[in-house]
Amino acid sequence: MAGKSRKGGSSLWPMKASHALLMQGVALLIGGLVIAWFAQNAASNLARRSMQLDFGFLGSPAGFSMPFQILSFGPTDTYFMALVTAFANTLLVSAMGVVTSTVVGLGLGVMRLSQNWLLSTVSGAIVELVRNTPQLLQIVFWYVGVLQVLPQARQSLSFGDVAFLNIRGLFLPAPIGGSWSSLLLITFFLSLALAPLARRYLPLHPRRSSLLWLVPPVLLIALAFSLKGWSLPALKGFNFAGGMVLPPELVALWAGLSLYTAAFVAEIVRASVEAIGKGQVEAANSLGLSSWLTLRLVVLPQALRLMIPQLTNQYLNLIKSSSLGAAIAYPEIVQIFAGTVLNQSGRAIEVMVIVMGVFLIINLAASAALAQLNERVALKER
Amino acid sequence: MTKARRTLLKTLALFAGSVLVSASAMAQSIPAPGPTVEAIKKRGELNCGVDAGIPGFAFQDASGVWKGFDVDYCKALAAAVLGDPAKVKYVGTTAKVRFTVLQSGEIDVLVRDSTLTFARDIDLGLTEVAVNFYAGQGFMVRKSLGVNSAAELNGATMCMLTGATLELNIADFARSKGTTINSLLFEKSEEAFAAAESGRCDGYSDDTGSLAAARSTMKVPDDWVILPDVISKEPLGLHTRDGDYRWSDIVFWVDAGLKTAEEFGITKENVDEKKSSSDPFVRRLLGLEGDFGKKLGLDNEAFYRAIKSVGNYGQIYDAYFGPKALGLPRGINNLWNQGGLHYPLPFR
């Protein structure tokens, strides 16, 4: 054993470089053969049942409607549009979850590190409770236990007669766009993204270029003036009509995903902060920095870099767990596509292939983006 | 690869075997029972796909024993083919996997409150053998809403289960009436009931058979009313795979046998006395005349055993949907001569 390890260096499983190459070749070959066998098996089984992979069903009309969507979708749209709409719903709840879980997780993590007994104990209790119970249970708890005690539609809580809260959701006034509104909205978001880039790359004086930050608010004011008016929610028949609604399914799923992931994020924050050398904190203290300033200026900037690879895992888990929304009637991709569409079209294999492909694409994209970020901010040791 | 080849060889051998058997059988005019029955007999049990759990159709009792309307059909088939109603392996299937499980050969027959449709027959390569329960999609709403018919549901939200065609039927119905009805889809009935109970939805929608079961599980069943409208046709029944017509014949005629038994007043209890009947239809059904069982590749006692083990169609219905069970009126599930739709083809 000792002789071998001298030749192969200090790797976990020491062997000669040429042997390693051979082993990898063999492993690759076996892997390839297994996959080929699976594919061949599936193909021959499909052929025997005179079934074939056919994605043509994506063009047929879906026929059903969705209770909540951010894109517009109706019964006469195609299965493909159903896929796109459900995909948008999945992305929406995932994006909301990633943002809140990060903020809440960072808060919980910092609280847990605090010298204050109450803060650290409360945070520790929340983290342990949330981390050690099943996520599906938590989502159902938010939906059935928390949100379903809200009042009935006809006894809604009213906020100045413009916003209403009841068991059907939070009803808010919705702006009615004028002819220029959508264009202005797009320009507004573009200006938010372009202002820092322009400041960085254009040869302007820093003080003068800071005026660029005036552009987004101006656009926002123009947007407000371009609106034709507001659509107010009003009780009509069974439910509120008009305005826009934040349904309880979305809120419950969002809360369930965010809190669960936040507990793990908190632990990552704590671990990363504790990984920063004790000497750094002592040095900061001896310079007379307060504990808050030490955290903000010395510890967190270094700890945040350490967190990124682990956070990536949590974000990817959150995206995948958004499919648990199927349990509480949130119309995301698993419920709509792997549920309704699969059942109506009967194309089980095709549908599952598509759903897996979609999740793979989202997760690979998120993972690639975070890897890029990590490369940029990781400590460069020279 | 070897597996595929082995299966191919097996199929060839079976084919050769069946040619030989049918050649020899021709002389005695008894056809081969077909590969599915061969496989069932060799295995010693019938693989029967049922619902994973729904009151009335298929459910497990406290000790894990399968019971239900569809389960009794499995028993009748096992009694006819294997001579013992207990020789069944029940495979609980969800709405998502039911047809794939049948296509892949994991089960021999699917008796799972599943609607017979064109797409399932043609696109999925299945055979729609027989209807054992005529259902339709209906609505259950709170009495306090004061709604009397489905046409008044404009703007309402309905809770329901995913995995069927419920949301499609509702969208079709709403479009035809120029109204909108929102559908909230749940994976499991517990959450769907909880949402309906709490007022998240104005009501609950499902097949008429299941609605009666759903109403019985509400906190105060009397607060809920099942609307008289039926917005879709849901002929629930028996599915087999394409490719073994003989097995489909057997399943079809066992269903016809159970209904014919009710037509001629043959019950689980009196089936032995009925053997002395002089009615030719009764005598043919019980295998005393005409070799009907043998012509299917079984034996002449096949239908007798099916009836003896589970009773006639009406007895099975009453056991799970009758006044002492879920209390669902027979309505169109009566025999044709009682104002219903079940009209078994004659045994002659």
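Residues numbered from 1 in each chain as written. Chains lettered and ligands numbered in written order. Predicted model: local features only at pLDDT ≥ 70, side-chain atom pairs only at ≥ 80, totals over all residues.

Novice: Go over the packing of helix α3 (residues 69-82) of chain B against helix α9 (residues 245-263) of chain B, please, and point to the residues and values.
Specialist: Helix-helix packing is characterised by the crossing angle of the two axes and by the distance between the axes. Residue and element names in this part refer to chain B. It is at 10 Å that the axes of α3 and α9 come closest, and there the two elements cross at 115 degrees. Overall, the two elements α3 and α9 adopt an arrangement that is roughly perpendicular. At the point where α3 passes α9, the crossing takes the right-handed sense. Contacts from Ala76, Leu77, Ala80 and Val81 of α3 reach α9 at Ile250, Val251, Val254 and Leu258. In the contact of α3 with α9, the residues fall into eight nonpolar, no polar and no charged. (Axes fitted to C-alpha atoms, helices over the stretch in contact; angles between N-to-C directions. Helix = DSSP H or I, 4+ residues; strand = E, 2+ residues; numbered from the N terminus. Parallel < 35°, antiparallel > 145°, perpendicular 65-115°, else oblique. Left-handed = near helix turned anticlockwise from the far one by under 90°. Contact = placed C-beta atoms within 7 Å. Nonpolar A, V, L, I, M, F, W, Y, C, P; charged D, E, K, R; others polar.)

Novice: Residues and numbers for helix α2 (residues 35-43) of chain B, please.
Specialist: Residue and element names in this part refer to chain B. Residues of α2 that are buried: Thr36, Val37 and Ile40. Projected onto a plane normal to the axis of α2, the buried residues spread over an arc of 95 degrees and lie on a single side. Lining the buried residues of α2 we find β1 (46-51), α3 and α9. Looking at the residues trailing α2, positive phi occurs at Gly44, about 85 degrees. (Buried ≥ 20, exposed ≤ 12 C-beta atoms within 10 Å, placed from the backbone. Arc of directions from axis to C-beta.)

Novice: Could you give an account of the interface of chain B and chain A, naming the residues involved and the relevant values?
Specialist: Facing the 39 residues of chain B at the interface are 36 residues of chain A. For the side of chain B that touches chain A, the secondary-structure elements that each account for two or more residues are α4 (98-103), α5 (118-122), α6 (166-177), β9 (182-186) and α7 (189-198) of chain B.

Novice: An account of the pairing of β9(B) is needed here, citing residue identities and associated values.
Specialist: All names here are of chain B. Within β9, five of the five residues are buried, which leaves the element mostly enclosed by the surrounding structure. Pairing of strand β8 (residues 157-161) with β9 involves five bridges; the strand directions are parallel. If you follow Leu161 over to β9, its bridge partner there is Phe186. At this point the chain moves from β8, through α6, to the parallel β9, and the crossover so formed is right-handed. (Pairing = 2+ DSSP bridges. Right-handed = clockwise from strand over helix to strand, strands pointing away.)

Novice: Any details on the sheet that holds strand β7 (residues 137-142) of chain B? Residues and values, ideally.
Specialist: Residue and element names in this part refer to chain B. If you trace the five strands from one edge of the open sheet to the other, you get β9-β8-β10-β7-β11, paired in mixed fashion. This sheet does not close on itself; its edge strands, each paired only once, are β9 and β11 (224-226). Recorded for the sheet is a direction-independent mean angle of 30 degrees between the axes of neighbouring strands. Examined bridge by bridge, β7 and strand β10 (residues 203-207) share five bridges and lie antiparallel to one another. When the bridges of β10 are listed, Val141 appears paired with Gly203. The sheet strands contacting α7 are β8, β9 and β10, and the helix crosses β8 at an angle near 165 degrees.

Novice: Describe the sheet that holds strand β1 (residues 157-159) of chain A, and please don't skip the residues or the numbers.
Specialist: Residues and elements named next belong to chain A. Spatially, β1-β2-β3-β8 is the arrangement adopted by the four strands of the open sheet, whose pairing is antiparallel. The outermost strands of the open sheet, each flanked by one partner alone, are β1 and β8 (244-246). When strand polarity is set aside, the average angle formed by the axes of neighbouring strands in this sheet is 20 degrees.

Novice: Before we move on, can you summarise helix α12 (residues 302-310) of chain B with the specific residues and values?
Specialist: The α-helix winds at 3.6 residues per turn, so residues separated by three or four positions along the chain end up facing the same way. Residues and elements named next belong to chain B. The element α12 is largely enclosed, with a buried count of seven among its nine residues. Where α12 is concerned, the buried positions are Ala302, Phe303, Tyr304, Arg305, Ala306, Ile307 and Val310. The inward-facing, buried residues of α12 abut α3, α9, α10 (280-285), α11 (292-295) and α13 (313-321). Residue Gly311 follows α12 closely and has a positive phi angle near 90 degrees.

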